[in-house]
Amino acid sequence: MDKNADVFAKTVNEFLATHQVAGIEDYAAFARYAAEVPVKGTVSAEVTPAHKARKVRFWGALEHLPLMKAWGLDVAEFDPDAAARGCVPDVIFCHLMPGYSQGDVDQILGAVRRGTHFVTLQCTDRWSEVLAKRFGCNYDGVLTVPSDAEGGVFFANCPKLFEGFPKGRLGADVLPFMGRNRHGMYLTGDRCLLGVADTKKRRIATSIAQYAYGKGAITLVGPCAQAGNLQCTGADYKRLLLNLITLLPPVCGAACR
């Protein structure tokens, strides 16, 4: 092993020591996985009664709201006053920066503590910074990774999040919404749901990260989630959103009034 490869092996092993990944225990296992040909196949994006049963709310820019309403989902803007009364939704998709309104971070964490699944689809770098600090963890910026052909490697680490996707190493053919550049966050203390590595620049990070908090969780979807024309969004992005909606158990909170 040459010196640079040895450095990358150390980097991967350090990442795996703090981000448990099923089936990839060390650098040797990662190298075998990275050498696999990315899987081909179609993604199933069927909307089920389980999706329609969830109360989904949006905090911030609402471009996803009409899209999900057309899917037959229970969607609306997030109501902070209702949340303060204990009526918390199952899922909050976030598009705004933390600090957009006074006390918004505490407000969101209050909902998560009671069982909400809070998901960032934009401004993930800012939320990563704020939440990592809040939880006593570290955030060290964003890793931008090239295409499969140029050394980019995704490794899925949450079967439920990738239900409906082809089995095997995920690549550009089944994740086209990611585009040419994919992104991950350098985080500590998080659970890695989807990892990403640049085998040429020898870097590894978390593309979809999660922090458990109270009865709920916070899922940070890398900046790759900023899809352009949502009406042209493919089955891969739709399925990822649907899986995020049902990733956690339903909230057992007070009835809305």
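These notes cover the structure that comes with them. (Residues numbered from 1 in each chain as written. Predicted model: local features only at pLDDT ≥ 70, side-chain atom pairs only at ≥ 80, totals over all residues. Heavy atoms only, no water.)

What the rule picks out here adds up to four salt bridges. Here Lys40 and Asp173 are joined by a salt bridge, their closest N and O atoms 2.5 Å apart. Separated by 133 residues along the polypeptide, Lys40 in the loop between helix 2 (27-35) and helix 3 (49-52) and Asp173 in the loop between strand 6 (152-156) and strand 7 (182-187) bring together distant segments of the chain. Residue Lys40 is classed as exposed on the basis of its relative accessible area, which comes to 61%. Of the charged contacts in the structure, one is a salt bridge between Arg57 and Asp74, with a shortest N-O distance of 3.2 Å. Residue Arg57 is located in strand 1 (residues 55-59), and its partner Asp74 is located in strand 2 (residues 74-77); the two are separated by 17 residues in the primary sequence. For Asp74, a relative accessible area of 34% gives the class partly exposed. (Salt bridge = Lys/Arg side-chain N within 4 Å of Asp/Glu carboxyl O. Helix = DSSP H or I, 4+ residues; strand = E, 2+ residues; numbered from the N terminus. Buried < 20%, exposed > 50% of the residue type's maximum accessible area, 1.4 Å probe, protein only.)

Looking now at the environment of Asn243. Residue position: Asn243 is located in helix 8 (residues 235-245). Using a relative accessible area of 2% as the deciding quantity, one classes Asn243 as buried. Taking C-alpha positions, Asn243 is 8.9 Å from Gly164, a pair spaced 79 residues apart along the chain. Discounting chain neighbours no more than four positions away, the residues touching Asn243 are Lys160, Leu161, Phe162, Glu163 and Phe165. (Contact = heavy atoms within 4.5 Å.)

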